There are 2 protein chains.
Amino acid sequence: MPAQSLAAARRPRPLLEAPEVSDDLRLIGPTRVFGRDEAIFDEGDGVDSVYRVVSGGVRALRLLADGRRQIIGFHLPGDIFGLELGERRRGSAEALGETTLLIARRASLGAEPGQAERLWRVSLAALERSQDHVLTLGRRSACERVASFLLDLAGRLGAGGHFELPMSRLDIADHLGLTIETVSRSLGQLQAGGLVRLDSCRRVRLPRPAALAALCQ
Amino acid sequence: MPAQSLAAARRPRPLLEAPEVSDDLRLIGPTRVFGRDEAIFDEGDGVDSVYRVVSGGVRALRLLADGRRQIIGFHLPGDIFGLELGERRRGSAEALGETTLLIARRASLGAEPGQAERLWRVSLAALERSQDHVLTLGRRSACERVASFLLDLAGRLGAGGHFELPMSRLDIADHLGLTIETVSRSLGQLQAGGLVRLDSCRRVRLPRPAALAALCQ
DNA sequence: CGCTCGTTTGATAGCAATCAACCAACGTGG
DNA sequence: CCACGTTGGTTGATTGCTATCAAACGAGCG
């Protein structure tokens, strides 16, 4: 739709239409490196900063009183996270491995025009991702959960059908509402079916992405 | 924090701070009544409108190829829904019972100043709700799911610890990733424990909300 | 070589799904 | 007014998927 883009550039574009230029939220601030499993923030902390992943990866998680852990999502290079409505963190965030983050002060947002709309797009993208996650957790079998997880990751990381898992089996299990044993067995099944290849336990290859996608929908 | 509110009123308030005035998104458009189970929109439809629930209730749902159904969320009076990033609906929406909606054109948004920020708040609230849902589906038992569902509803509907369920057992089951039988048995258990009272099968009373909440966290 | 840690594999248990009645509320029509 | 069918909900018996418990495996490393 190049015609539409041209038109949009000439007059004020209504909200909720596809952006004609960069979607990028401009974040300004220092960069910091976090070590493996290092906390970026904890539940209950004040919401002072917003983050962009430069390299590495982050798990966003919540805990129940008895220690059960749910990973709400993974943040990968390019992703923005840490936006919240309230004054206190509702969950924690930790580095998966060696991870570099750009850290912007919350108060520094909102200066530029159009920034609110970019914030809105970031949140809406996160919402759609979370709703996909709900569908997976509510109605898919263990194997299907693992399959859709791999496809999701491939879409975000996979240059050409192969990529490196930045997280452990435990992280995957706690993301998918399973146990590490079930994740391992599901990967085994998928591998037996020729839908997945594990070069090492972190190095994934998806030889037949279409067949894998057929499993999930 | 009245002092902060005063300060905020004097100078441009940074984004991501608590709003000092009404959070309300101004939506303009006609009102329409939908009958029970009537479709408001379907997956794949164009995204032309945004909705506010005036009365009644709405289920937002997604289907898998084999018919498995996941209810992503319920929209109750006052809620805004139908905002999407893309051009096509990613799921469908249906009226739970007789339901009145205010329908605004998508293109009519974005006119007023500050509207983008209100949109952002609406989306972020939906995101937080969805993340709570992920925690529930990923890591809670059947009984805990039902308990947190009832608490959530009570917070949105419950004038004083009692309210009317606007949805059927099947809707609840498909929201919580369970079956109707399991929902029924869980309600039975909660009732046996004195944490819930069902005056009729739709009329709920929560005599000990604190004890119920203790179950869930 | 012998740790440790993360992962895989195996045996068993348990929670929720499935299959199947049963029940209550409601509406219709005889 | 009551027989009847329909719909939504509850209760019971059994199955099955995933969790749990347990052990083996393999890679990385001092």
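This section reports on the structure supplied with the text. (Residues numbered from 1 in each chain as written. Chains lettered and ligands numbered in written order. Predicted model: local features only at pLDDT ≥ 70, side-chain atom pairs only at ≥ 80, totals over all residues. Heavy atoms only, no water.)

1. A short note on the interface of chain A and chain B
Point 1. Listed by partner, the interface residues are 55 residues for chain A and 55 residues for chain B.
Point 2. Both sides together, the interface formed by chain A and chain B hides about 5000 Å², and carbon and sulfur atoms give 60% of it.
Point 3. Connecting chain A to chain B are 10 salt bridges.
Point 4. Secondary-structure elements contributing two or more residues to the side of chain A that touches chain B are β4 (58–63), β5 (69–75), α2 (115–139) and α4 (169–176) of chain A. (Contact = heavy atoms within 4.5 Å. Buried area = accessible area lost by both parts, 1.4 Å probe. Salt bridge = Lys/Arg side-chain N within 4 Å of Asp/Glu carboxyl O. Helix = DSSP H or I, 4+ residues; strand = E, 2+ residues; numbered from the N terminus.)

2. Observations concerning the packing of aromatic side chains
Two measures describe an aromatic ring pair: the distance that separates the ring centres and the angle between the ring planes.
All names here are of chain A.
Point 1. In this structure the tally under the stated criterion is eight aromatic pairs over all chains.
Point 2. Note on Phe41 and Phe81: the rings are 6.4 Å apart at their centroids and 40 degrees apart in plane angle, and the pair reads as tilted. With Phe41 in strand β2 (residues 39–41) and Phe81 in strand β6 (residues 80–81), this pair connects stretches of sequence that are 40 residues apart. Across the pair, Phe81 and Phe41 agree in class, each one buried.
Point 3. Here Tyr51 and Phe81 contribute two aromatic rings whose centre-to-centre distance is 5.1 Å and whose plane-to-plane angle is 15 degrees, an arrangement assigned as stacked. Separated by 30 residues along the polypeptide, Tyr51 in strand β3 (residues 49–55) and Phe81 in strand β6 bring together distant segments of the chain. (Phe/Tyr/Trp six-rings, centres within 6.5 Å; stacked < 30°, edge-to-face > 60°. Buried < 20%, exposed > 50% of the residue type's maximum accessible area, 1.4 Å probe, protein only.)

3. What to know about helix α3 (residues 142–157) of chain B
Point 1. The first and last C-alpha atoms of α3(B) sit 22 Å apart over 16 residues, in line with the 22 Å expected at 1.5 Å per residue.
Point 2. Taken as a whole, α3(B) has its buried residues at Cys143(B), Glu144(B), Arg145(B), Val146(B), Ala147(B), Ser148(B), Phe149(B), Leu150(B), Leu153(B) and Ala154(B). (Expected span 1.5 Å × (residues − 1).)

4. Overview of the protein's contact with DNA strand C
Point 1. Neighbouring residues of DNA strand C: 16 residues in total, closest Arg169(A), Ser184(A), Arg185(A), Ala142(B) and Thr182(B).
Point 2. Within 4 Å of the protein, the contacting atoms of DNA strand C are drawn from sugar and phosphate to the extent of 65%.
Point 3. Here a phosphate oxygen of DNA strand C and a backbone polar atom of Ala142(B) are 2.8 Å apart.
Point 4. For the surface near DNA strand C, the secondary structure elements donating two or more residues are α5 (180–192) of chain A together with α5 (180–192) of chain B.
Point 5. Its residues assigned to classes, the surface near DNA strand C comprises three nonpolar, six polar and seven charged. (Near = heavy atom within 4 Å. Polar contact = N/O pair within 3.5 Å; in protein donor to acceptor, adjacent residues only side chain to side chain. Nonpolar A, V, L, I, M, F, W, Y, C, P; charged D, E, K, R; others polar.)

5. What to know about the protein's contact with DNA strand D
Point 1. The environment of DNA strand D is formed by 16 residues, the closest being Ala142(A), Thr182(A), Arg169(B), Ser184(B) and Arg185(B).
Point 2. A share of 63% of the atoms of DNA strand D within 4 Å of the protein falls on sugar and phosphate groups.
Point 3. At a separation of 3.4 Å, a phosphate oxygen of DNA strand D approaches a polar side-chain atom of Arg36(B).
Point 4. In terms of residue class, the surface near DNA strand D is built from three nonpolar, six polar and seven charged.

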